[in-house]
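# Breakdown of the fold
Residues per chain, in single letters:
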Amino acid sequence: MYTLVAIINFAFQIYFYMVIAYVFMSWVPQMRETSIGQLLERLVEPYLSIFRRFIPPLGFIDLSPMVAMIALYFAREGLFSLLSRFL
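Since this is a predicted model, take the numbers as computed values, not measurements.

### Thoughts on the packing of helix α2 (residues 35-52) against helix α3 (residues 64-86)
Closest axis-to-axis distance for the α2/α3 pair is 9 Å, and the angle between their directions is 105°. In this view, α2 runs roughly perpendicular relative to α3, as classed from their interaxial angle. Where α2 approaches α3, its residues Tyr47, Leu48, Phe51 and Arg52 are matched on the opposing element by Ser64, Pro65, Val67, Ala68, Ala71 and Leu72. Of the residues that constitute the contact of α2 with α3, the class distribution is eight nonpolar, one polar and one charged.

Written out as structure tokens, the structure is:
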């Protein structure tokens, strides 16, 4: 059971870093044209689009990735608190 928890934790961490990498890629538009950029876009953009519906950009600043990462953190913590009750 602890192995499953470790795998889930690792998946959350990887996705968190994918969101960060996607945000940094927005600063260098040529990166989105690469195969890695397109892969990140396909994996991260659907999650970020949920938050972009509710959080409009403030000029050139898009706060939705920050809110998405906070939500991801709380989802992970909530899942682990739920799992800790069963362990």
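That covers the picture; the talk isn't over yet.
### Re the layout of surface pockets
Approximately 260 Å³ is the volume attributed to the largest pocket. Lining the largest pocket are Ile20, Tyr22, Val23, Ser26, Trp27, Arg32, Arg52, Asp62, Leu63, Pro65, Met66 and Met69. Those elements that place two or more of their residues in the lining of the largest pocket are α1 (2-25) and α3. Of the residues in the lining of the largest pocket, the class split is eight nonpolar, one polar and three charged.

### As for the UniProt feature "transmembrane region" (unreviewed entry) in the protein
In the numbering adopted here, UniProt assigns the feature "transmembrane region" (unreviewed entry) to residues 6-29 and 50-75. Across residues 6-29, helical content stands at 83% and strand content at 0%; the span's end C-alpha atoms are separated by 34 Å. Taken end to end, residues 50-75 is 58% helix and 0% strand, and its first and last C-alpha atoms sit 15 Å apart.

### Focus on the confidence of the model for the protein
Counting all residues, the mean pLDDT for the protein is 91, and 99% of those residues have values of 70 or more. By mean pLDDT, α3 is the weakest element of the protein at 91, and α2 is the strongest at 95.

Reading guide: rules and limits
Residues numbered from 1 in each chain as written. Predicted model: local features only at pLDDT ≥ 70, side-chain atom pairs only at ≥ 80, totals over all residues. Heavy atoms only, no water. Axes fitted to C-alpha atoms, helices over the stretch in contact; angles between N-to-C directions. Helix = DSSP H or I, 4+ residues; strand = E, 2+ residues; numbered from the N terminus. Parallel < 35°, antiparallel > 145°, perpendicular 65-115°, else oblique. Contact = heavy atoms within 4.5 Å. Nonpolar A, V, L, I, M, F, W, Y, C, P; charged D, E, K, R; others polar. 1 Å grid on protein atoms, 1.4 Å probe; cavity = no way out; pocket = protein on both sides within 12 Å on 5 of 7 lines; lining within 4 Å. Points joined across faces, edges and corners; volume = space filled by probe spheres on them. UniProt positions renumbered as here; feature names shortened; annotations may be inferred. pLDDT = per-residue confidence, 0-100.

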